[in-house]
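Tertiary structure, described
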Amino acid sequence: MDSKYVNRLGRKHQIVRLLYGIVWTLSARWLPRSVGSGWKRMLLRAFGAKLSPTAVVYSSVKVYYPANLVMDDYACLASDVDCYNVAPIHIGKYATVSQGAFLCTASHDITSSTHDLITAPITIKDQAWIGAEAFVGMGVTVNDGSVVGARAAVFKDVEPWTVVGGNPAKFIKKRIIKDA
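Residues numbered from 1 in each chain as written. Predicted model: local features only at pLDDT ≥ 70, side-chain atom pairs only at ≥ 80, totals over all residues. Heavy atoms only, no water.

Considering the pattern of salt bridges
- Here the structure, examined in full by the defined rule, presents one salt bridge.
- Taking the shortest distance from any N to any O, the salt bridge between Glu133 and Arg151 comes out at 2.6 Å. Residue Glu133 is located in the loop between strand S13 (129–130) and strand S14 (135–136), and its partner Arg151 is located in the loop between strand S16 (147–148) and strand S17 (153–154); the two are separated by 18 residues in the primary sequence.
- With relative accessibility at 43%, the residue Glu133 sits in the partly exposed group.
- We classify Arg151 as exposed; its relative accessible area is 60%. (Salt bridge = Lys/Arg side-chain N within 4 Å of Asp/Glu carboxyl O. Helix = DSSP H or I, 4+ residues; strand = E, 2+ residues; numbered from the N terminus. Buried < 20%, exposed > 50% of the residue type's maximum accessible area, 1.4 Å probe, protein only.)

Brief notes about the nonpolar core
- Formed by 39 residues in total, the largest nonpolar core has its most connected members in Leu69, Ile91 and Ile124.
- What Ile124 contacts, discounting residues up to four positions off in sequence, is His90, Ile91, Gly92, Ala95, Val97, Leu103, Ile130 and Val142.
- In terms of nonpolar packing, the next biggest core, distinct from the first, is built from five residues, Tyr64, Tyr65, Val86 and Ala106 among them. (Core = buried A, V, L, I, M, F, W, Y, C linked by side-chain atoms within 4.5 Å. Contact = heavy atoms within 4.5 Å.)

Points about the packing of helix H1 (residues 10–27) against helix H2 (residues 37–46)
- At a minimum axis distance of 11 Å, the contact between H1 and H2 shows a crossing angle of 170°. Here H1 is positioned roughly antiparallel relative to H2, judged by the angle of their axes. Here Tyr20, Val23, Trp24 and Ser27 of H1 come into contact with H2, specifically with Trp39, Lys40, Leu43 and Leu44.
- By residue class, the composition of the contact of H1 with H2 is six nonpolar, one polar and one charged. (Axes fitted to C-alpha atoms, helices over the stretch in contact; angles between N-to-C directions. Parallel < 35°, antiparallel > 145°, perpendicular 65-115°, else oblique. Nonpolar A, V, L, I, M, F, W, Y, C, P; charged D, E, K, R; others polar.)

Comments concerning the sheet that holds strand S3 (residues 62–63)
- As summarised here, the arrangement of the five strands in space is S3-S6-S9-S14-S17, forming an open sheet in which the pairing is parallel. Two strands lie at the open edges of the sheet, namely S3 and S17, each paired on one side alone.
- Alignment of strand S9 (residues 102–104) against S14, held across two bridges, turns out to be parallel. If you follow Phe102 over to S14, its bridge partner there is Phe135. (Pairing = 2+ DSSP bridges.)

So, H1
- Under the 1.5 Å per step criterion, the end-to-end length of H1 is 26 Å for 18 residues, consistent within 8% with the ideal 26 Å.
- Of the residues making up H1, those classed as buried are His13, Tyr20 and Trp24. One side of H1 holds all its buried residues, which, seen down the axis, span an arc of 35°. Exposed residues pointing more than 90 degrees away from the buried face of H1 are listed as Arg11, Leu18 and Leu26.
- Residues of H1 that are buried sit in contact with H2, strand S2 (56–57) and S3. (Expected span 1.5 Å × (residues − 1). Arc of directions from axis to C-beta.)

So yeah, pure geometry; function would need other evidence.
Have a look at this one:
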């Protein structure tokens, strides 16, 4: 049976991704994490990302499509984060996405015989923290100050100032800041 699937992203999208992948690999991926922050931001901006001058992107981060990435003041994508941003991803002020986390804005329509691509944006709001190796699915908003525990799988919005964990992620407790 011949597939009737049509890639709606088009050739231009594929070419931009290919060029970006080559440029990132040759110009940034090999840099130590503490070197070249401005250079890495400049490369991402050249391919359409909207990054604050204080945003931090580690060299080993994988960004699928830079034009769909927005990072506010002091937002951080740590080492080995996979930012599969077929749809937009917005990371708020002082938000951190920890090592090996996977932000996934796309899937396939399981009700379609051709498994059509479906997408929805991800928003990680101010002061939120995505733990190491966590998964955040398409259409999810991780609200202000919330924490997604390490290796959690998040498929629904996370309420502000809460801690969630597990697969699927469930409420653990309210997050309360205790400054000394």
